[in-house]
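Notes for the structure review
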Amino acid sequence: MTIEPGTAASPYLSLRQAVRPAILAHRLLAGDQERAGKLATECEDLLYLTGELLKAAGRARILATAPPPRMPDEGSGDRQAQFLEAYADAGLLWAKVVGSSLALAGALIERGEWEDVRALASFLAGAGEESAATELRIQLGRAAWEAHRDQLRAVSNDMPPAAIEPAINALRAVLREVPEEYPDRNREVNRFLPPLASAIHAIMKQQEADIPYHSRVEHIATGGVAKYPDIVKTSLDELAAEFEGICRRPGGKTP
């Protein structure tokens, strides 16, 4: 029987899905021969487990096809037992591949290689391992928050003008780098907007700027968007535009 490329080798996965984490592991090792220690170990473990998985999945597939002429001393029960054993081996090895992928992702997060972690999460989600993919994205979100925490600590009602642009950039980076699956991501970003808006509004008043009627800076500063975390990106973009407008005014360059 001809097996088409990518057809399901077991109930757990297709061949293409099974090898995607291994492809990433190969690329990581081949791309930098000096990679060593934990990352290299995790890559090699993943490659080994993937190979074992494919063997077990192939064995299960062969046993599941039309059996060849039976030998006199071979019973149907023996073949069924072999099939069940191969089926179980494939399932257990797939679990190990997923676990090894998570371990590799942990090493990548420590190195700050977040794009590769996103790729692994995408591979796992595509293979039906949504809970493992979500776990990875939450770990990634936690790391992204930590990377920008120092800049976000500076956000306050009376923050100096020179600190406003870095704060805006940090909040934008959080929205870009922290996955939406991260619990309360938008709500957490949203709570930084009132003090940021207050600081921008104070500069506008200090410069005696004409505040357009459609400006929402004061509205955001008083907590007007606190109940609407879903529009946090729009609100942040509005504050950034107002601040950039201050900088573009004659004599309005912030120190």
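Here, the structure is the one placed above.
An account of the accompanying structure is given in this report. (Residues numbered from 1 in each chain as written. Predicted model: local features only at pLDDT ≥ 70, side-chain atom pairs only at ≥ 80, totals over all residues. Heavy atoms only, no water.)

Description of the packing of aromatic side chains
Applied cut-off: Pairing of aromatic rings covers Phe, Tyr and the six-membered ring of Trp, with a centre-to-centre limit of 6.5 Å; geometry is then stacked below 30 degrees between planes, edge-to-face above 60, and tilted otherwise. The rule is short: NZ of Lys or CZ of Arg within 6 Å of the ring centre and within 35 degrees of the ring normal puts a charge over the ring.
Following the criterion strictly, the structure yields zero aromatic pairs and no others. The ring of Phe192 has Arg191 sitting right over it, with the charged end atom 4.6 Å from the ring centre.

Examining the packing of helix α6 (residues 161–177) against helix α8 (residues 193–206)
Spelled out, the test is: An axis is simply a line fitted to the C-alpha atoms; with a helix, the fit covers only the stretch in contact. Between two such axes, the angle follows the N-to-C directions and lies from 0 to 180 degrees. Numbered from the N terminus, helices here are DSSP runs of H or I no shorter than four residues, and strands are runs of E no shorter than two. Less than a right angle of anticlockwise turn of the near helix away from the far helix marks a crossing as left-handed, whereas a clockwise turn marks it as right-handed. In what follows, residue pairs with any heavy atoms lying within 4.5 Å of each other are defined as contacts. Three classes are used, and their members are as follows: Ala, Val, Leu, Ile, Met, Phe, Trp, Tyr, Cys and Pro are nonpolar, Asp, Glu, Lys and Arg are charged, and the others, Gly among them, are polar.
For the pair α6 and α8, interaxial distance at closest approach is 11 Å and the crossing angle is 145°. Once α6 is placed against α8, the crossing between them reads as left-handed. Contacts from Pro161, Ile164, Ile168 and Leu171 in α6 reach Leu193, Leu196, Ala199, Ile200 and Ile203 in α8. Of the residues contributing to the contact of α6 with α8, the split by class is nine nonpolar, no polar and no charged.

Describing the environment of Val217
To keep it simple, the criterion reads: When accessible area is computed with a 1.4 Å probe and restricted to protein chains, residues below 20% of their type maximum are described as buried, those above 50% as exposed, and intermediate ones as partly exposed.
Within the secondary structure layout, Val217 lies in helix α9 (residues 217–221). Using a relative accessible area of 1% as the deciding quantity, one classes Val217 as buried. Along the backbone, Val217 and Leu196 are 21 residues apart, and their C-alpha atoms lie at a distance of 9.3 Å. Excluding residues within four positions of it along the chain, Val217 makes contact with Ala197, Ile200, His201, Met204, Leu239 and Glu242.

So, unusual backbone geometry
Despite not being glycine, Asp184 has its phi angle at roughly 60°, a positive value. When you line up the elements, Asp184 lands in the loop between α6 and α7 (185–190). Given a relative accessible area of 48%, Asp184 falls into the partly exposed group.

Description of helix α4 (residues 114–126)
The following threshold applies: Between the first and last residue of a helix there are one fewer steps than residues, each counted as 1.5 Å, and that sum is the expected span.
In this model, α4 (13 residues) spans 18 Å end to end at C-alpha, consistent with the 18 Å of a helix rising 1.5 Å per residue. Those residues of α4 lying buried are Trp114, Asp116, Val117, Leu120, Ala121, Leu124 and Ala125. Gly128 sits one or two positions beyond α4 and adopts a positive phi of about 90°.

Things to note about the packing of α4 against helix α5 (residues 130–153)
Let me state the cut-off plainly: Angular relationships are summarised with four words: roughly parallel below 35 degrees, roughly antiparallel beyond 145, roughly perpendicular across 65 to 115, and oblique for the angles in between.
Where α4 meets α5, the axes come as close as 7 Å, and the angle between the chain directions of the two elements is 160°. The orientation of α4 with respect to α5, classified from their angle, is roughly antiparallel. Regarding α4 and α5, the two cross each other, and that crossing is left-handed. Each of Trp114, Val117, Arg118, Leu120, Ala121, Ser122, Leu124 and Ala125 in α4 lies in contact with α5, whose residues at this interface are Glu130, Ala132, Ala133, Leu136, Arg137, Leu140, Ala143, Ala144 and Ala147. For the contact of α4 with α5, a count of residues per class yields 13 nonpolar, one polar and three charged.

Some details on the side chain of Asn190
With respect to the helices and strands, Asn190 occurs in helix α7. In this structure Asn190 touches Val225, Ala226, Tyr228, Pro229 and Val232, once residues within four positions along its chain are discounted.

Quick look at the pattern of salt bridges
Applicable threshold: We define a salt bridge as a side-chain nitrogen of Lys or Arg found within 4 Å of a carboxyl oxygen belonging to Asp or Glu.
Scanning the model with the defined rule gives 10 salt bridges in all. Across the salt bridge formed by Arg137 and Glu181, the nearest N and O atoms sit 3.3 Å from each other. A residue pair is termed long-range when its members are at least 10 positions apart, and Arg137 in helix α5 and Glu181 in the loop between α6 and α7 qualify at 44 residues. Measuring nitrogen to oxygen at the nearest pair gives 3.8 Å for the salt bridge that ties Glu177 to Arg176. On the basis of relative accessible area, Arg176 is assigned to the exposed category, the value being 58%. Overlapping salt bridges, with partners in common, bring together Arg172, Lys233 and Asp237 in one network.

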